[in-house]
Amino acid sequence: MARSTSKDAQALFNSLRSAYSATPTSLKIIDLYVGFAVFTALIQVVYMAIVGSFPFNSFLSGVLSCVGTAVLAVCLRIQVNKENKEFKDLPPERAFADFVLCNLVLHLVIMNFLG
């Protein structure tokens, strides 16, 4: 029973890897950026758990900044993906401009929250 599950998991992993290898480089770069933002948020949560959360608004600002940036990057990935038929008329430059503008607004709100 366990042998079959191991083979199924390995086949699934191989099919996901082969499908992801066909992904364009620009989308892979966005995926790395999203992973970095989520990893940074996790590091901040672990640091808060170990050291403490004395300036709690600073902790919230850092985590919300990372999570918000990751969400905006996922939105950028959805808009830039050529296989997505919903945004086929949207040029990638417009999607990137939306990403930059929304990041600017996000970080202005975060800086205002810091005080």
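Keep in mind it's a predicted model, so treat the numbers as computed, not measured.

Caption draft 1: Main features of the packing of aromatic side chains. In the structure shown here, the tally under the stated rule is 3 aromatic pairs. Here the aromatic rings of Tyr33 and Phe99 are separated by 6.3 Å at their centres, their planes lie at 80 degrees, and the arrangement is edge-to-face. With Tyr33 in helix α2 (residues 25-51) and Phe99 in helix α4 (residues 92-114), this pair connects stretches of sequence that are 66 residues apart. Ring centres of Phe96 and Phe99 lie 6.1 Å apart, and the angle between their planes is 35 degrees; on these two criteria the pair is classed as tilted. Here Phe96 pairs with Phe99, and both are found in helix α4, just 3 residues apart, close to one helical turn. Exposure remark for Phe96: the relative accessible area of 47% places this residue in the partly exposed category.

What counts and how
- Residues numbered from 1 in each chain as written.
- Predicted model: local features only at pLDDT ≥ 70, side-chain atom pairs only at ≥ 80, totals over all residues.
- Heavy atoms only, no water.
- Phe/Tyr/Trp six-rings, centres within 6.5 Å; stacked < 30°, edge-to-face > 60°.
- Helix = DSSP H or I, 4+ residues; strand = E, 2+ residues; numbered from the N terminus.
- Buried < 20%, exposed > 50% of the residue type's maximum accessible area, 1.4 Å probe, protein only.

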